[in-house]
Amino acid sequence: MEIINIKEAPTSPNPHNVVMTPLHTSEKVVLAHLVLKPGDEIPPHSAPFEAIFCCLEGVGQATIGTEVKEVPASTIVKCPPNIDHGWANKSDNDLKLMVVKIS
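Rules of the game
- Residues numbered from 1 in each chain as written.
- Predicted model: local features only at pLDDT ≥ 70, side-chain atom pairs only at ≥ 80, totals over all residues.
- Heavy atoms only, no water.
- Helix = DSSP H or I, 4+ residues; strand = E, 2+ residues; numbered from the N terminus.
- Contact = heavy atoms within 4.5 Å.
- 1 Å grid on protein atoms, 1.4 Å probe; cavity = no way out; pocket = protein on both sides within 12 Å on 5 of 7 lines; lining within 4 Å.
- Points joined across faces, edges and corners; volume = space filled by probe spheres on them.
- Nonpolar A, V, L, I, M, F, W, Y, C, P; charged D, E, K, R; others polar.
- Disulfide = S-S within 2.5 Å.
- Buried < 20%, exposed > 50% of the residue type's maximum accessible area, 1.4 Å probe, protein only.

Peer 1: What is the right way to read the side chain of H33 from this model?
Peer 2: For H33, the location among the structural elements is in strand β2 (residues 29-36). Among all residues touching H33, those that are not within four sequence positions of it are I6, V19, M20, T21, L23, L56, K96, L97 and M98.

Peer 1: Can you walk me through the layout of surface pockets in this structure?
Peer 2: Any empty space left between the atoms is revealed when a probe the size of a water molecule rolls over them. The volume enclosed by the largest pocket comes to roughly 220 Å³. In terms of lining residues, the largest pocket is bounded by 16 residues, among which H16, L34, I42, H45 and K101 are the most central. Listed by contribution, the elements that provide at least two residues to the lining of the largest pocket are β3 (41-45), β4 (50-57), β8 (85-88) and β9 (95-102). The residue makeup of the lining of the largest pocket, split by class, is 11 nonpolar, 4 polar and 1 charged.

Peer 1: For this particular structure, what's the right way to read the state of the cysteines?
Peer 2: Defined simply, a disulfide is a covalent bond joining two cysteines at their sulfur atoms. This model, assessed by the stated rule, comprises 0 disulfides. No disulfide involves C55; its sulfur sits 7.2 Å from the nearest other cysteine sulfur, which is in C54. Owing to a relative accessible area of 1%, C55 belongs among the buried residues under this scheme. Free of any disulfide, C79 has its nearest neighbouring cysteine sulfur in C54, separated by 15 Å.

Peer 1: Looking at this structure, how should I read the environment of S74?
Peer 2: Structurally, S74 is set in the loop between β6 (67-72) and β7 (75-79). Sequence-wise, S74 and L97 are 23 residues apart; in three dimensions their C-alpha atoms are separated by 9.9 Å.

What follows is the structure, encoded as structure tokens:
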């Protein structure tokens, strides 16, 4: 059994300059924890995999394709492959997301 404490796991640099903690990487699946500080943004971009985001804490603004929605904690957002997607934290509190990337 492998147990990973998110608070103790090492973070990884990423092109969006947000706090990213990779938790699992395999040939077909990546699991990562993201923290967007107030004012942080991941601009819309596309990727060749399906992404499933779970908003764990805070409220974020998700962009999937041309849709923009406010997403509160305890909410799942699904993004198909090759569709632009992004996040913004326009609140005064941290936004914590778990993302599963499936190839």
